[in-house]
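Geometric and topological summary
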Amino acid sequence: MSLIATVDGSGLGAKASTHDVRFIGALAGRYALPERRQGENGKIPVYACRLCSISTRILVSVGPVVGKEGETVSCHFNEFGMLRGRITRRLASGFVADLHMNDNEREKLAAKIDWQKRHVHAQVPDKREHKRVQPRDPRSTIVLADGQSLPCFVIDMSRSGAAVSAHYWPELGTPMALGRIVGRVVRHLEVGFALQFIQPQAFEELEHLIKPAIAPTP
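Residues numbered from 1 in each chain as written. Predicted model: local features only at pLDDT ≥ 70, side-chain atom pairs only at ≥ 80, totals over all residues. Heavy atoms only, no water.

What about the sheet that holds strand β11 (residues 181–189)?
Heads up, the condition is: Each pair of strands is called paired provided DSSP finds at least two bridges between the two strands. Each helix is a run of H or I in the DSSP string that is no shorter than four residues. Each strand is a run of E no shorter than two, and both are numbered from the N terminus. Axis definition: a line fitted to C-alpha atoms, limited for helices to the stretch in contact. Angles are taken between N-to-C directions and run from 0 to 180 degrees.
Taken in spatial order, the six strands of this closed barrel run β7-β8-β9-β12-β11-β10, and their pairing is antiparallel. With strand direction ignored, the average angle separating the axes of adjacent strands in the sheet is 45°. Examined bridge by bridge, strand β10 (residues 175–178) and β11 share four bridges and lie antiparallel to one another. By the bridge assignment for β11, Pro 175 is matched with Arg 184.

Side note on the pattern of salt bridges
Heads up, the rule is: We count a salt bridge whenever a side-chain nitrogen from Lys or Arg sits within 4 Å of a carboxyl oxygen from Asp or Glu. Relative accessible area decides the class of each residue, using a 1.4 Å probe on protein chains only: under 20% of the type maximum gives buried, over 50% gives exposed, and in between gives partly exposed.
All told, the structure shown has four salt bridges when counted by the stated rule. Here Asp 156 makes a salt bridge to Arg 132, at a shortest N to O gap of 2.9 Å. In this pair, Asp 156 sits in strand β8 (residues 149–157) while Arg 132 sits in the loop between α2 (103–119) and β7 (139–144), placing the two residues 24 residues apart along the sequence. Taking the relative accessible area as the measure of exposure, Asp 156 reaches 19% and is therefore buried. With a relative accessible area of 23%, Arg 132 lands in the partly exposed category. A salt bridge links Asp 137 to Arg 139, with the nearest nitrogen and oxygen atoms 2.9 Å apart. Judged by its relative accessible area of 33%, Asp 137 is partly exposed. Classification of Arg 139 by relative accessible area gives partly exposed; the value is 42%.

Comments concerning the confidence of the model for the protein chain
Any region with low pLDDT has predicted coordinates that should not be read closely. Quick reminder of the rule: pLDDT: the predictor's confidence for each residue, scored from 0 to 100. Contact definition: two residues touch when any of their heavy atoms are within 4.5 Å.
Averaged over every residue, the pLDDT of the protein chain is 83; residues scoring 70 or more account for 82%. The model gives residues 1–16 a pLDDT under 50, and that stretch makes 28 contacts with residues more than four places away or in other chains. The low-confidence segment residues 121–129 (pLDDT under 50) makes two contacts with residues lying over four places distant or belonging to another chain.

Describing the packing of aromatic side chains
The following threshold applies: By convention, a stacked pair of Phe, Tyr or Trp rings (six-membered ring in the case of Trp) has centres within 6.5 Å and planes under 30 degrees apart, an edge-to-face pair has planes over 60 apart, and any other such pair is tilted.
Tallying each qualifying case throughout the model produces three aromatic pairs. Centre to centre, the rings of Tyr 31 and Phe 95 are 5.5 Å apart; their planes meet at 55°, and the pair counts as tilted. You can see Tyr 31 sitting in strand β1 (residues 22–32) and its partner Phe 95 sitting in strand β6 (residues 94–99), a full 64 residues away along the chain. Just as Tyr 31 is buried, Phe 95 falls in that class too. Of the aromatic side chains, those joined through ring pairs into one cluster are Tyr 31, Tyr 47 and Phe 95.

A closer look at the nonpolar core
We count it as follows: In this description, a nonpolar core means a group of buried Ala, Val, Leu, Ile, Met, Phe, Trp, Tyr and Cys residues linked to one another through side-chain atoms lying within 4.5 Å.
Grouped together as the largest cluster of nonpolar side chains are 24 residues, with contacts concentrated most on Tyr 31, Ile 54, Phe 80 and Leu 83. Among the elements of the structure, β1, β2 (46–55), β4 (72–77), β5 (81–90), β6 and α2 are those that each provide at least two residues to this core. Residue contributions to this core peak at four residues, all from β2. Once you skip the residues sitting within four places of it in the chain, Phe 80 turns out to touch Phe 23, Leu 27, Leu 51, Ile 54, Leu 109, Lys 112, Ile 113 and Gln 116. One finds Cys 152, Val 164, Ile 181 and Phe 197 within the second-largest nonpolar core, a separate group that totals 19 residues.

Below, the structure written as structure tokens:
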């Protein structure tokens, strides 16, 4: 993981320097596009995402649904809290957003970014039977029983299953393939659903097996 710090020698106490504080690294989070309400109750869908980089001015993230330029976006990362902004550039599977906040909020965010850079290597061991990891490339597809293929974002995965986020909300027990691995939906998540594989997979093969099997259906 690459880290870049461009804070001058005066430290975070200098207001001008807070605008240069930057963190580059993969952090899990969630996001919503408030202008896109679904259903009769006007519920706003929430998706999983992965932060690529953040400063006190902009953030870059990838996720299953790419917003339009000019569209409002709300992102939440445990490390930085709730962040709101407007999409300024679309990426192949994500977006760049300008953050909307006042000077005081930017100074607080600068402190959080600086803390994260200093403590990024402090991790808690995963003691579950099948260790869960984030794929290097979270972009994949789910293939439904009728052959329909949809783009998705793999939150994390293990030998026995995966957590997935997509613009699709399946019922429990729904069969589908994630890339080339067949499984069933066993749990609903705030940002998607959990898929249990029909058979445990070789850990070293997971990255290859979750790659899109076919192009998503338009």
